[in-house]
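Fold and geometry: a report
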Amino acid sequence: MGAVTVSRQVGSRGDELAALVAQRLGWRLVSRDLINRAARKAGVPEVALAEVDELGLLGIRPSARDWRAYQTQVERIIRELADEGNVVIVGRGGQIVLRARPEVLHVRVVAPFELRLNWLQQERGLGREAAAAYLEASSRARARYIRRSYHVNVEDPSLYHLVVNTGLLSLERAANLIIQALQEIGGL
């Protein structure tokens with residue numbers, strides 16, 4: 001029983017791609033709900049709010065102790081999901097938590113800035129400047145989460161089996177590549 005972790009740039013359509021892969025495989029898709037489950041189990045719901053609030057608009061600053069409790073729960077849940085298998089895990093550093101597991105495929109989804117910007121403008125109804133500011137702030141927050149939690153750069157291609165550019169590939173073709181790569185590593 002394998003698993004797929006998906007790390008994605010904001011606006012790369014990585015969430016859609018992860019959902020498509022999960023649907024085609026008949027697997028479970030886990031993303032934001034992982035944050036909330038971890039925070040509840042750790043007894044620190046403010047960490048979940050801080051993590052959902054990527055732009056820091058709420059001004060929530062969890063303590064170091066609460067952050068560690070939350071992070072421990074996130075990692076435990078990711079490992080449990082991988083143990084169960086047949087799951088696509090989006091975000092939360094799954095590519096690092098599960099890096100030693102040979103049956104887990106790690107995917108990074110990227111796209112050119114202009115395409116991500118256009119997608120965000122359409123999807124969220126934002127003006128160009130607001131969309132660009134959101135992309136930059138969200139990208140910084142995601143990179144900060146991985147750096148703070150694991151002391152690595154989320155953009156480091158050596159963390160992934162496959163880097164998929166949705167600016168060059170349709171979601172359907174990208175899903176095909178992911179499923180083929182999963183077969184190659186013995187995850188299916």
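Residues numbered from 1 in each chain as written. Predicted model: local features only at pLDDT ≥ 70, side-chain atom pairs only at ≥ 80, totals over all residues. Heavy atoms only, no water.

**A look at the overall build of the protein chain**
To be explicit about the condition: Runs of H or I in DSSP of at least four residues are treated as helices and runs of E of at least two as strands, each being numbered from the N terminus. Burial classes follow relative accessibility: with a 1.4 Å probe on protein chains only, a residue under 20% of its type's maximum area counts as buried, one over 50% as exposed, and anything between as partly exposed. Whether two residues are in contact is decided by their heavy atoms, any of which lying within 4.5 Å being enough. Using a 1.4 Å probe, the Shrake-Rupley method yields the accessible areas, and only the shown protein chains count as cover for residues.
Summing up its helical and strand segments, the protein chain has 8 helices and 5 strands in all. Reading the protein chain from its N terminus to its C terminus gives the helix and strand order β-α-β-α-α-α-β-α-β-α-α-β-α. By residue count, 49% of the 188 residues in the protein chain fall in the buried class. Taking the contacts inside the protein chain whose residues are at least 6 apart along the sequence as the reference set, 71% of them involve residues at least 24 apart. In the form shown here, the protein chain has an accessible surface area of approximately 9300 Å², with 50% of it arising from carbon and sulfur atoms.

**Thoughts on a positive patch on the surface**
What counts, and what does not: A patch consists of residues whose relative accessible area exceeds 30% and which take part in no salt bridge; residues with like charges are grouped when within 9 Å of each other, and nonpolar side chains (Val, Leu, Ile, Met, Phe, Trp, Tyr) when within 5 Å. Throughout this description, the term salt bridge denotes a Lys or Arg side-chain nitrogen within 4 Å of a carboxyl oxygen of Asp or Glu. Residues scored as positive are Lys and Arg, those scored as negative are Asp and Glu, and His as well as the terminal groups of each chain are ignored. In plain terms, the charge of a residue is placed at NZ if it is Lys, CZ if Arg, CG if Asp and CD if Glu.
On the surface, a cluster of positive charge is contributed by R61, R140, R144, R147 and R148. Within the secondary structure, R144 is located in helix 7 (residues 128-150).

**Topic: the side chain of R8**
Applicable threshold: Each polar contact in these results corresponds to two N or O atoms within 3.5 Å; when the atoms are within protein, one needs to be able to donate a hydrogen and the other to accept it, and residues that are neighboring in sequence are counted only if both atoms are side-chain atoms.
Mapping R8 onto the fold places it in strand 1 (residues 3-8). Looking at R8, the relative accessible area reads 14%, which means it is buried. Reaching out from R8, the side chain makes a polar contact with the side chain of D15 at a distance of 3.2 Å.

**Some details on the nonpolar core**
What counts here: For the purposes of this section, nonpolar cores are sets of buried Ala, Val, Leu, Ile, Met, Phe, Trp, Tyr and Cys residues that join through side-chain atoms within 4.5 Å.
Counting residues in each nonpolar core, the largest one holds 23 residues, and the members touching the most others are V4, L17, V21, V88, V107 and I178. Of all the elements in the fold, those that place two or more residues in this core are strand 1, helix 1 (14-25), strand 3 (87-90), strand 4 (104-110), strand 5 (162-165) and helix 8 (171-184). In contact with V21, other than residues within four places in its own chain, are V88, A175, I178 and I179. By size, the runner-up hydrophobic cluster in this structure holds 22 residues, among which are I77, I96, I146 and V154.

**Details of the environment of D66**
If you trace the backbone, D66 turns up in helix 4 (residues 64-84). Overall, the relative accessible area of 11% leaves D66 in the buried class. Through-space distance from the C-alpha of D66 to that of G43 is 8.3 Å; in sequence the pair is 23 residues apart.

**A short note on the pattern of salt bridges**
Scanning the entire structure with this criterion turns up 9 salt bridges. As a salt-bridge pair, R8 and D15 come within 3.2 Å of each other at their nearest N and O atoms. A relative accessible area of 38% places D15 in the partly exposed class. Ionic pairing is found between E155 and R108, a salt bridge with its closest N-O pair at 2.6 Å. Note that E155 is positioned in the loop between helix 7 and strand 5 and R108 in strand 4, a separation of 47 residues in sequence. Judged by relative accessible area, which is 41%, E155 ranks as partly exposed.

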